[in-house]
Amino acid sequence: MKIDPHILPLEGCTVVVYAPRTNEPLPVVYMNASRPEDMHSYLPKLASAMGKTIRPAHLVCVMPTDWNRDFSPWEAAGLHEGSAPFSGHADERIALLCDCVKPLIDAQFPTLPDAENTMIFGYSLGGLAALYALYECPDVFGAAGCLSGSLWYEGFMDYQR
């Protein structure tokens with residue numbers, strides 16, 4: 001299946017959608033990636049597997065402004081003495097996704113907009129933010145992928161309980 005990249009204008013951020021060539025409504029996976037370009041090495045493998053071993057989906061990357069800012073759920077000390085603290089603005093990122101990006105994607109692409117077909121995925125602190133988004137917005141996100149997630153984040157295990 002062929003996947004085409006689309007760059008969408010949205011004030012204050014860059015949104016890149018990797019959309020399979022189809023008019024069929026598809027699920028959407030929001031990717032907490034550091035750079036949309038990081039997807040390029042995975043796209044050929046994903047494209048060849050879509051429709052065969054994995055379900056086709058639109059992949060949406062919204063570049064973070066600041067990794068530690070956008071993906072930290074609340075303020076926390078830096079990992080090491082002298083390192084920058086985490087500023088805790090994941091709620092703003094989630095609001096951006098839910099209130100601005102998702103409506104834009106659902107309007108411009110054939111999507112299955114319900115929570116069951118809307119997922120969020122991330123690696124490291126992006127994985128932590130994906131889990132946090134699932135907890136905070138279960139009516140929007142029906143599943144989260146957390147690859148090597150930063151579950152060490154101060155207070156997160158208590159939050160999950």
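Our structure's up above, just so we're on the same page.
About the criteria used
Residues numbered from 1 in each chain as written. Predicted model: local features only at pLDDT ≥ 70, side-chain atom pairs only at ≥ 80, totals over all residues. Heavy atoms only, no water. Helix = DSSP H or I, 4+ residues; strand = E, 2+ residues; numbered from the N terminus. Rg over C-alpha atoms; globule rule 2.2 N^0.38 Å. Buried < 20%, exposed > 50% of the residue type's maximum accessible area, 1.4 Å probe, protein only. Contact = heavy atoms within 4.5 Å. Areas by Shrake-Rupley, 256 points an atom, 1.4 Å probe, with all protein chains shown as cover. Expected span 1.5 Å × (residues − 1). Phe/Tyr/Trp six-rings, centres within 6.5 Å; stacked < 30°, edge-to-face > 60°. Salt bridge = Lys/Arg side-chain N within 4 Å of Asp/Glu carboxyl O.

Trainee: Looking at this structure, how should I read the overall build of the chain?
Mentor: Regarding its fold elements, the chain presents five helices and six strands. In the chain, the order of α-helices and β-strands from amino to carboxyl end is β-β-β-α-β-α-α-β-α-β-α. Against the 2.2 N^0.38 benchmark of 15 Å for 161 residues, the chain shows a C-alpha radius of gyration of 16 Å, consistent with a compact globule. Its C-alpha atoms put the chain at 50 × 35 × 30 Å along the principal axes. Each of the 161 residues in the chain was classed as buried or not, and the buried ones make up 43%. Sequence separation of 24 or more characterises 64% of the internal contacts of the chain that already satisfy a separation of 6 or more. Accessible surface for the chain amounts to roughly 8,400 Å². Of this, 55% is attributable to carbon and sulfur atoms.

Trainee: Just to check I follow, could you spell out helix H4 (residues 125–136) for this structure?
Mentor: An α-helical turn contains 3.6 residues, so a residue and the one three or four places further along point in the same direction. End to end, H4 covers 16 Å across 12 residues, agreeing with the expected 16 Å (1.5 Å per residue, within 8%). In terms of residue burial, H4 counts as a mostly covered element, since nine of its 12 residues are buried. For H4, the set of buried residues is Leu125, Gly126, Gly127, Leu128, Ala129, Ala130, Leu131, Tyr132 and Ala133. Considering only its buried residues, H4 is in contact with strand E3 (28–32), helix H2 (67–70), helix H3 (90–108), strand E5 (118–123), strand E6 (143–147) and helix H5 (156–160).

Trainee: Would you explain the packing of aromatic side chains in this entry?
Mentor: Aromatic ring pairs are described here by two measures, namely the spacing of the ring centres and the angle between the planes. Taken as a whole and assessed by the stated rule, the structure comprises 12 aromatic pairs. Here the aromatic rings of tyrosine 132 and tyrosine 159 are separated by 5.3 Å at their centres, their planes lie at 50°, and the arrangement is tilted. A residue pair is termed long-range when its members are at least 10 positions apart, and tyrosine 132 in helix H4 and tyrosine 159 in helix H5 qualify at 27 residues. A connected cluster of aromatic rings, assembled from ring pairs, spans Trp74, Phe86, Tyr132, Tyr135, Trp152, Tyr153, Phe156 and Tyr159.

Trainee: Help me understand the environment of threonine 14, please; the structure alone is not making it clear to me.
Mentor: Note on placement: threonine 14 falls in strand E2 (residues 13–20). Exposure remark for threonine 14: the relative accessible area of 33% places this residue in the partly exposed category. Taking C-alpha positions, threonine 14 is 25 Å from alanine 84, a pair spaced 70 residues apart along the chain. Residues in contact with threonine 14, not counting those within four places in the same chain, are Ile7, Cys61, Val62 and Met63.

Trainee: Even after reading the chapter, I still don't get the pattern of salt bridges, so can you show me in this structure?
Mentor: Oppositely charged side chains can form a pair if their charged atoms are brought close together. This structure, assessed with the given rule, holds five salt bridges. The residue arginine 21 makes a salt bridge to aspartate 4 at a minimum N-O spacing of 2.7 Å. Residue arginine 21 is located in the loop between E2 and E3, and its partner aspartate 4 is located in strand E1 (residues 3–10); the two are separated by 17 residues in the primary sequence. Two residues, arginine 161 and aspartate 158, come together in a salt bridge whose shortest N-O distance is 3.1 Å.

Trainee: Could you clarify how one ought to interpret unusual backbone geometry in this entry?
Mentor: For residues that are not glycine, phi is negative in most cases, and the peptide bond is trans in most cases. Positive phi outside glycine occurs at serine 124, with the angle close to 60°. For serine 124, a relative accessible area of 22% corresponds to the partly exposed category. The backbone of serine 148 shows a phi angle near 50°, a positive value even though the residue is not glycine. Mapped onto the elements, serine 148 comes out in the loop between E6 and H5. Of the residues examined, serine 148 reaches a relative accessible area of 52% and is grouped as exposed.

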